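# Results of the structural survey
What follows is each chain in one-letter form.
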Amino acid sequence: MRDNVKVGLLGLGTVGTGVVKMIQNHQEQLVHRVGCPVEVTKVLVKDVEKKRDVELSQDSLTLDPYDVINDPNVDVIVEVMGGIDQTKQYLLDALNQKKHVVTANKDLVALYGSELSKAAAENGCDFYYEASVAGGIPIIRGLADGLASDKIQKLMGIVNGTTNFILTKMNKEGMSYDVALKEAQDLGFAEADPTSDVEGLDAARKMAILARLAFSMNIELDDVDVSGISAVSDSDLKHGQTLGYTMKLIGYADQSDARAEVSVQPTFLSNDHPLAAVNDEFNAVYVYGEAVGETMFYGPGAGSLPTATSIVSDLVAVITNMRLGVNGQSISAPQFEKQLKTAEEKYAKYFIRLHVRDEVGAFSELTKLFSSNSISFEKILQLPLDEEGVAEIVIVTHKASLENYQKMQEQIKDLAVVHSIESFYRVEGEGAK
Ligand SMILES: NC(=O)C1=CN([C@@H]2O[C@H](COP(=O)(O)OP(=O)(O)OC[C@H]3O[C@@H](n4cnc5c(N)ncnc54)[C@H](OP(=O)(O)O)[C@@H]3O)[C@@H](O)[C@H]2O)C=CC1
Ligand SMILES: N[C@@H](CC=O)C(=O)O
Ligand code: NA
């Protein structure tokens, strides 16, 4: 074992700065945990003149990634620069140079995590990515280690802080969507282009990573059905509240009979569900295991020091493996062949809000359509509208197959009594699992 472990950083922004601070400020604890000092020796940045919020020698900064990747003294590369294709090449080059890799890059891990894990194993290196999902929450380790003995049946996650912040502000403070989004941007949770937050792609990337690990199946980003929150209205939230629901952008992953489904969508959660109480920019992942039953992991999903906590814990794992001589031995290949549920096999409850002509027989037309698609009603609200001759109806269904639900969605538009369809949402969290 060498005297100290040298870390090369790719990136020194929000997260990179937090990593340097934690390594410096927690040095004594780190030495105790891993048995030697840990030092950041080379750092890739875009601008070496930029004023930094950490103490690092000017010599350690470089504009050339290969000054870090090819440095024979660097043991571990921490990638906190972002980017996909070019960054993937840097990490493959680093692994081929027998350097361990720790990354926070969800965009990269969602697309190429399996390939990078395989390259790491082939090189006897570690590849860890705890910070890529739910920044400060040890959910990757929770699934890979803590729940390794169980069979995970279902995950539900609030894994995007920006959308949780927006929905919380709309729900609790009556703030408009645009103002809430602007506030999330000002507070620094949102991505540079918030489209990937609000349209669900950021959450989908995180759910692909989690589902792959939880179900030991090669779930890919394209396997995740995605819809975002940009069309959610105040009226939807109000009607949900009346019925005892809270709207959340939920990442949903479920498997039964070795067949999986993964989605991200705005969902009405029963107020009794523990995820319904996760507010503001916080993240949480609810995990249901066959043996353990319900568990929930809660905490900050982003931010400099929370995210750095996960990265430095990954570093501790790498260095511990170095001491034990067991790097690159975590199982990277999935145990099961990927099998995805068809629409016929996916079941959920649904919330439907529509405006109908307020006339005799309108309701029986609706009932006929739903029952012809084997969908039954669990709750119904009828409310007067300002518009003459039109009533608002909110329906919550019992569980129905996605196939039948989609058929109903197609047909309901053509019913003469239907004036307009306002919204459709999934409903979760009522009753047991
Ligand atoms: N911010 C957060 O809370 C979280 C972030 N992440 C992930 O962590 C990663 C980093 O995020 P964050 O710290 O917020 O990003 P920042 O934009 O704050 O920092 C990026 C850093 O990388 C450097 N950099 C970027 N591109 C290049 C390049 N081509 N060449 C050289 N240097 C480059 C920048 O240099 P310079 O400083 O000179 O501009 C900067 O130091 C991303 O993958 C993100 O998705 C994950 C969880 C939470
Ligand atoms: N934009 C993301 C940041 C962390 O991944 C979020 O809002 O959660
Ligand atoms: Na995490």
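Summarised in this report is the structure supplied together with it. Just so we're clear, the structure is a prediction, and the values are computed from it rather than from any experiment.

For the rest of this paragraph, the subject is the sheet that holds strand 2 (residues 38-44). Read from one edge of the open sheet, 6 strands run 3-2-1-4-5-6, paired in parallel fashion. Either end of the sheet is taken by a strand with one partner, and the two such strands are strand 3 (61-62) and strand 6 (127-128). Sitting on the sheet, helix 4 (residues 85-96) touches strand 1 (5-10), strand 4 (76-79) and strand 5 (100-103), and the angle it makes with strand 4 is about 170°. With respect to the sheet, helix 12 (residues 304-324) is in contact with strand 1, strand 2, strand 4, strand 5 and strand 6, its orientation differing from that of strand 5 by roughly 165°.

Our next topic: the site of ligand 1. Neighbouring ligand 1 are 21 residues; Leu12, Val15, Lys46, Arg52 and Gly303 lie closest to it. Between Asp47 and ligand 1, the recorded distance is 2.9 Å, taken from a backbone N or O atom to an oxygen atom. Starting from 900 Å² of accessible surface for ligand 1 in isolation, the protein chains cover 75%.

Two elements in contact, helix 5 (residues 106-122) and helix 10 (residues 201-215), have axes whose closest approach is 8 Å; the angle formed by their N-to-C orientations is 40°. Between helix 5 and helix 10, the interaxial angle falls into the category oblique. Remark: the crossing between helix 5 and helix 10 carries left-handed chirality. In this structure, helix 5 contributes Lys106, Asp107, Val109, Ala110, Gly113 and Ser114 to the contact, and helix 10 contributes Asp202, Arg205, Lys206, Ile209 and Arg212. Across the contact of helix 5 with helix 10, the residue classes break down as 3 nonpolar, 2 polar and 6 charged.

Within the largest apolar cluster, 72 residues are counted, with the highest numbers of intra-cluster contacts made by Ile139, Leu143, Leu155, Leu210 and Val287. Ignoring anything within four residues of it in the chain, the contact list for Leu210 reads Val133, Ile139, Ile140, Leu143, Leu155, Val159 and Val285. Among the nonpolar cores identified, the runner-up in size contains 34 residues, and Val38, Val40, Val43 and Val78 belong to it.

Turning next to the side chain of Arg426. Along the polypeptide, Arg426 turns up in strand 17 (residues 418-428). A distance of 3.0 Å separates the side chain of Arg426 from the side chain of Glu428, its partner in a polar contact. Excluding its chain neighbours within four sequence positions, the residues that come into contact with Arg426 are Tyr252, Glu261, Ser263, Gln265, Pro266, Thr267, Phe268, Tyr347, Ala348, Lys349 and Tyr350.

Turning next to helix 12. Over its 21 residues, helix 12 runs 30 Å from end to end, which matches the ideal 30 Å to within 8%, given 1.5 Å per residue. Following helix 12 by one or two positions, Gly325 has its phi on the positive side, about 70°.

Most of strand 7 (residues 152-158) sits out of view: 6 of its 7 residues are buried. Bridging between strand 7 and strand 11 (residues 282-289) involves 6 bridges; their strand directions are antiparallel. Among the inter-strand pairings, Leu155 is bridged to a residue of strand 11, identified as Val287. Alignment of strand 7 against strand 9 (residues 245-256), held across 4 bridges, turns out to be antiparallel. By the bridge assignment for strand 9, Lys154 is matched with Asp254.

Rules used in this analysis
- Residues numbered from 1 in each chain as written.
- Chains lettered and ligands numbered in written order.
- Predicted model: local features only at pLDDT ≥ 70, side-chain atom pairs only at ≥ 80, totals over all residues.
- Heavy atoms only, no water.
- Pairing = 2+ DSSP bridges.
- Helix = DSSP H or I, 4+ residues; strand = E, 2+ residues; numbered from the N terminus.
- Contact = heavy atoms within 4.5 Å.
- Axes fitted to C-alpha atoms, helices over the stretch in contact; angles between N-to-C directions.
- Near = heavy atom within 4 Å.
- Polar contact = N/O pair within 3.5 Å; in protein donor to acceptor, adjacent residues only side chain to side chain.
- Areas by Shrake-Rupley, 256 points an atom, 1.4 Å probe, with all protein chains shown as cover.
- Parallel < 35°, antiparallel > 145°, perpendicular 65-115°, else oblique.
- Left-handed = near helix turned anticlockwise from the far one by under 90°.
- Nonpolar A, V, L, I, M, F, W, Y, C, P; charged D, E, K, R; others polar.
- Core = buried A, V, L, I, M, F, W, Y, C linked by side-chain atoms within 4.5 Å.
- Buried < 20%, exposed > 50% of the residue type's maximum accessible area, 1.4 Å probe, protein only.
- Expected span 1.5 Å × (residues − 1).

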